[in-house]
Amino acid sequence: MAASDQQQAAPHAPLHVAIVMDGNGRWAKRRGLPRQVGHPKGVDAIRRVVEAAPAQGVRWLTLYAFSTENWRRPAGEVAEVMRLLKLYVNSDLEKLAREGVKVRILGRRAGLPPDVAEIVERAERQTAHNDRFFLQVAFNYGGRADIVDAAKALAAEVAAGRLSPDAITEDQLGAVLSTGGVPDPDLVIRTSGEQRLSNFLLWESAYSELVFQDVLWPDYGADHLRAAIEEFHKRERRYGGAVADNVLATG
């Protein structure tokens, strides 16, 4: 057997994939149903993706579930999202904990209904010891708000005399974001055909690859995730650098 035949492709490094789960309302509307009917179907898609992700090389998965701006949606829809978060945690938490999934909720805790805050704390507490797979759910989250909160935390350190303003670095700011301690996303996916970040992981996605898929979130599954990851692996990540052009470089 030739040496080239013996060589195997180098395994890909574990990925951090972040997803803007968009299209629940439109999924329902296309079927002549109220918008909130789409959200339970969206929870089913979450289960499919969480189950499929590890086998596709994903170690960190961050899902955008509810933004700081979503409070402006109709009260009935907001209440349904809150109900489904509680339902998902109550029904799936034991399984997630048993399978080595560490759950982390990103976003502001202040202003959450007490029963939702309790669910959030319980999900993190019961899975705190796990490290096989990391599931982050952005809930009451906004990228700008998170940067503001991080800036306030550093400002408090400066005011207390524990930190010099001149000593603040990008790494220090990143560490006090709600995502601190987790690698920046390699790939950010948005479903439903929309092509924007919508205030999601603005700091962390500075060098992420973006893939926009024309599928509504309730219809999303393992094959869609696989297609996005395959597209990601076709790309050359340069992090602001460039490959020198030999002709130009030599004259």
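The following paragraphs examine the structure supplied in this document. (Residues numbered from 1 in each chain as written. Predicted model: local features only at pLDDT ≥ 70, side-chain atom pairs only at ≥ 80, totals over all residues. Heavy atoms only, no water.)

1. Points about the sheet that holds strand E2 (residues 58–67)
With parallel pairing, the 6 strands of this open sheet are ordered in space as E3-E4-E2-E1-E5-E6. A single partner strand is all that each edge strand has here, and the edge strands are strand E3 (101–106) and strand E6 (209–212). Along the sheet, successive strands turn relative to each other by an average axial angle of 20 degrees, direction set aside. Sheet topology note: the strand E1 (residues 15–20)/E2 ladder contains 6 bridges and is parallel. Note that in E2 the partner of Leu15 across the bridge is Val58. (Pairing = 2+ DSSP bridges. Helix = DSSP H or I, 4+ residues; strand = E, 2+ residues; numbered from the N terminus. Axes fitted to C-alpha atoms, helices over the stretch in contact; angles between N-to-C directions.)

2. Details of the side chain of Asp146
Locating Asp146 in the fold gives a position in helix H6 (residues 143–159). It is Arg108 that comes nearest to the buried, bridge-free Asp146 among opposite-charge side chains, at 6.9 Å. Apart from the residues lying within four places of it in its own chain, the contact partners of Asp146 are Tyr141, Leu177, Ser178, Thr179 and Glu204. (Buried < 20%, exposed > 50% of the residue type's maximum accessible area, 1.4 Å probe, protein only. Lys, Arg positive; Asp, Glu negative; His and termini not counted. Salt bridge = Lys/Arg side-chain N within 4 Å of Asp/Glu carboxyl O. Contact = heavy atoms within 4.5 Å.)

3. Notes on the pattern of salt bridges
The final tally for this structure, using the stated rule, is 19 salt bridges. As a salt-bridge pair, Arg190 and Asp22 come within 2.9 Å of each other at their nearest N and O atoms. Of this pair, Arg190 sits in strand E5 (residues 187–190) while Asp22 sits in the loop between E1 and helix H2 (24–29); the two residues are 168 residues apart in sequence, bridging distant segments of the chain. A salt bridge links Arg47 to Asp44, with the shortest nitrogen-to-oxygen separation between them at 3.3 Å. In this pair, Arg47 and Asp44 are both assigned in helix H3 (residues 38–52), 3 residues apart and thus about one turn of the helix distant.

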